[in-house]
Amino acid sequence: MKTPLFLYNSYSRTKEAFKPLDKKNVRMYVCGPTVYDRAHIGNARPVLVFDILFRLLRYLYKEHNVTYVRNITDIDDKINAKAIKRGVNIEKVTEATIELFHKDMDFLGALRPNHEPRATEYVSEMIDMISKLISLSFAYPTEDGHVFFEVATFSDYGRLSNKNLSELKEGVRIENENAKKNPLDFVLWKPSNLEEPGWESPWGRGRPGWHIECSAMAKDILGDQFDIHGGGIDLIFPHHENEIAQSTCSNNMKKFANFWLHNGFLKIEGEKMSKSLNNFLTVYDLIKRDFSGPAIRFNMLATHYRQPLDWKFERLVEAEKTLIKWNNKFEPKNQTVLPMQILNALLDDLNTPQSIYEMHQLFNNEKFDDLSNACRFFGFSSKDIKDGISIPPDISEKIDKLVEKRNNARLAKNFSLADEIREDLLRAGIIIKDSGQETTWESGQKLEIKKLKKL
RNA sequence: GGCGACGUGGCGGAGUGGUUACGCAGCGGACUGCAAAUCCGUGGACACCGGUUCGAAUCCGGUCGUCGCCUCCA
């Protein structure tokens, strides 16, 4: 490859040329959702950011040479709380939430990862890993059924998040203070009471701490070492730091992930997204408000993935308009070949805003072939995602007749009838365009075939 | 307190040493029965103060401001 892919590696805090460990087996792991509630747009950001990276890797290294793993955390105290509150077992909560997660992410046009392992399927692997860490003296069990990782045994602890142990001690929380050798030691296993879900282990009935699942699943599916580990920037500490510690120490001190990628946070209308401020937006909220999947993608990718992103509805409306403009020039027949300018933008640390700029250029220069290919790659084509949204021929004829009727009305200066037809079509998602003597029509983003049939 | 990010025109948003990024909105015009869409044209920017340089929005130092992490979190 002539131009390498450059990615910002949080571990080195620099942009580095990406070189896979094995070109025939490029491996990426991304931290997925904890399934206790419907996905919010903050959850959607890493999904969409790493979806683009996944697509790019497949483009560069061929589809069958790339493996993308995104876990599902289905063991968690928030899940337990919800299950208890509803009087059901945790599977009821998690299964329903996973189904909705898939539905929402499919709507956004995100490709499914190759693997979506669940914590509940990996408890024995986690127990194995914890046992190994104990036998190697990186971890210690306590009398009350906890197992802790001893951070002082891992000299690189804090390297990813650029923290040092003595500073960290200052603000650490005091939970389990007595049982821990060091307040920073984190839990690998904890005992469950009878209400809580639990698994038998050498340390009694209990459940894993949440960091260990990623280490166990990544090892099982991707091996001790792999290329890219991603997630939201808030996961750097402690989650990813702890993953590095667990995995490195249980895998003969082999380096864990080569590249660490983190997407920035999301605000809504200038405020931090939080339930207490009541500005907590789910993907489903956007769907209900009739925004299209491509427009949500566009809005998410219009800001570079490492920058903070302020979610504003007016931007979403703008994205919708831009995509209608582009999609009306969509040429469906081409292969997905990325125009050079856009590929180059992506190769520079996934510069998606630059890519969008290039797409505007393609539009302005009437390079609709290239624009269509780019839209297909980015998932910006509504026609591509919702297969068969194109207008059936009988409907198309009907529209032609209505347009003709309207033009006759206009010639007869019956403008109220003409305007009525125009309004009816617009409500069904058809935009009428008069230019000179000619009248053409295009489909808008929200085409409603049912309404069209009734006209 | 520690670590880090950021501050670009009305809004959004790249760029990071030497030509207008660009999009949306605005303004002017064309077209139209009126609109919409489209097309043409157009103004407007790099938080502040110093320094380096022939030249800085871009590098260095400082000031101010915003935000994040350090606790579950994408």
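Within any chain, residue numbers begin from 1 and follow the written order of that chain's sequence. Each chain is given a letter, starting from A, and each ligand a number, starting from 1, according to the order in which they appear as written. A pLDDT threshold of at least 70 governs which residues receive local features in this predicted model, and a stricter bar of 80 or more applies before side-chain atom pairs are shown or counted, although totals over entire chains, interfaces and linings include all residues. Working from all heavy atoms in the structure, the side-chain values ignore hydrogens and water.

S.K.: Lay out the domain arrangement of chain A in plain terms, naming residues and giving numbers.
M.R.: Domain limits in this description derive from either an automatic procedure or a database domain assignment. Looking at the assigned domains, one finds that chain A contains domain 1 (8–263), domain 2 (290–378) and domain 3 (393–454). Measuring from the centre of the C-alpha atoms in domain 1 to the corresponding centre in domain 2 gives 32 Å. Every residue pair with non-hydrogen atoms within 4.5 Å of one another is taken to be in contact. If you look at the interface, domain 1 gives 21 residues, while domain 2 gives 28 residues. The salt bridge criterion pairs a side-chain nitrogen of Lys or Arg with a carboxyl oxygen of Asp or Glu, the two atoms within 4 Å. Counting across the interface, domain 1 meets domain 2 through 2 salt bridges. As used in this structure description, the phrase polar contact means that two N or O atoms lie within 3.5 Å; if the pair is within protein, one of them must be able to donate a hydrogen and the other to accept it, and residues adjacent in sequence are counted only when both atoms belong to side chains. Counting across the interface, domain 1 meets domain 2 through 10 residue pairs in polar contact (both at pLDDT 80 or more). Contributing elements (two or more residues each) for the side of domain 1 that touches domain 2: α1 (41–61) and β10 (257–263). Its residues assigned to classes, the side of domain 1 that touches domain 2 shows 14 nonpolar, 3 polar and 4 charged. Counting from the N terminus, the helices are DSSP H or I runs at least four residues long and the strands are E runs at least two residues long. Ten residues, namely Ala, Val, Leu, Ile, Met, Phe, Trp, Tyr, Cys and Pro, are considered nonpolar, four, namely Asp, Glu, Lys and Arg, are considered charged, and the remaining ones, Gly among them, are considered polar.

S.K.: Give me the lowdown on the protein's contact with RNA strand B, citing residues and values where you can.
M.R.: Consider each residue's heavy atoms; a residue with any of them within 4 Å of a molecule or strand counts as near. Close contacts around RNA strand B come from 50 residues, with Lys78, Trp210, Gly232, Leu235 and Asp434 the closest. Restricting the count to atoms of RNA strand B within 4 Å of the protein gives a sugar and phosphate share of 64%. Between asparagine 43 and RNA strand B, the recorded distance is 3.4 Å, taken from a side-chain N or O atom to a sugar or linking oxygen. Take tyrosine 357: an N or O atom from its side chain is 3.1 Å from a sugar or linking oxygen of RNA strand B. Listed by contribution, the elements that provide at least two residues to the surface near RNA strand B are α1, α5 (165–168), β9 (226–232), α10 (313–327), α12 (352–364), α15 (393–411), α16 (415–427) and β14 (430–435). Broken down by element, the surface near RNA strand B gets its largest block of residues, 6 residues, from α12. For the surface near RNA strand B, the class distribution of residues is 14 nonpolar, 18 polar and 18 charged.

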